[in-house]
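# Tertiary structure, described
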Amino acid sequence: MLAEPGYPGLQLTLVVIEAKGTGGGISLGYSYSFTLNLLQNVFLIRHPKIGHTLGVTWEAAVSLGVTGKDGATQAILDHVGLKADLFINAFLAANPRN
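Strand order in the open sheet formed by three strands is β1-β2-β3, and the pairing between neighbours is antiparallel. A strand with exactly one partner marks an edge of an open sheet, and here the two such strands are β1 (9-20) and β3 (52-67). Mean inter-strand twist for the sheet, computed between neighbouring axes without regard to direction, equals 15 degrees. With 13 bridges connecting them, strand β2 (residues 27-43) and β3 associate as antiparallel partners. Each bridged residue has a counterpart across the sheet, and for Tyr32 the counterpart in β3 is Gly65.

Let us look at the environment of Leu92. As for its placement among the helices and strands, Leu92 is situated in helix α1 (residues 72-94). Along the sequence, Leu92 and Leu44 sit 48 residues apart, while their C-alpha atoms lie 26 Å from each other.

Residues Leu36, Leu38, Trp58, Ala60 and Phe87 constitute the largest nonpolar core, which totals five residues. Among the elements of the structure, β2 and β3 are those that each provide at least two residues to this core.

As a further point, take a nonpolar patch on the surface. Together, Leu12, Leu14 and Val16 make up an exposed nonpolar region whose accessible area comes to about 230 Å². Residue classification places Val16 among the partly exposed positions, given a relative accessible area of 42%.

Given a rise of 1.5 Å per residue, 23 residues ought to cover 33 Å, and the 33 Å separating the end C-alpha atoms of α1 matches this to within 8%. All buried positions along α1 are accounted for by Ala72, Ile76, His79, Val80, Lys83 and Phe87. Contacts made by the buried residues of α1 are with β1, β2 and β3.

Another aspect to go through is the side chain of Thr67. Tracing the backbone through its elements, the reader meets Thr67 in strand β3. Residue Thr67 is classed as buried on the basis of its relative accessible area, which comes to 12%. Ignoring sequence-local partners within four residues, the contact set of Thr67 consists of Gly29, Tyr30, Tyr32, Ala72 and Ala75.

Conventions adopted
- Residues numbered from 1 in each chain as written.
- Predicted model: local features only at pLDDT ≥ 70, side-chain atom pairs only at ≥ 80, totals over all residues.
- Heavy atoms only, no water.
- Pairing = 2+ DSSP bridges.
- Helix = DSSP H or I, 4+ residues; strand = E, 2+ residues; numbered from the N terminus.
- Axes fitted to C-alpha atoms, helices over the stretch in contact; angles between N-to-C directions.
- Core = buried A, V, L, I, M, F, W, Y, C linked by side-chain atoms within 4.5 Å.
- Buried < 20%, exposed > 50% of the residue type's maximum accessible area, 1.4 Å probe, protein only.
- Patch = residues over 30% accessible without salt bridge, like charges linked within 9 Å, V, L, I, M, F, W, Y side chains within 5 Å.
- Areas by Shrake-Rupley, 256 points an atom, 1.4 Å probe, with all protein chains shown as cover.
- Salt bridge = Lys/Arg side-chain N within 4 Å of Asp/Glu carboxyl O.
- Expected span 1.5 Å × (residues − 1).
- Contact = heavy atoms within 4.5 Å.

Structure below.
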């Protein structure tokens, strides 16, 4: 997390499952899902005595994919990169440089 107000942190949660042929045979490829969230400290207006907690202040929709075993790593990285670009564009739109 950055030493910025709200202590923002970008969180990637990735789940990858290998698909195998019948009987646990040859790898057929992978299915995967991931989310990308911006977490920051937030205050609950209705319960200010609680102080702060982490809250999701930006989120990309859950992404799903299927890839063959050859090039799987690059395919997943490319997909995550598309969502990271969405975050970067949203961040720059909300925080224009002067």
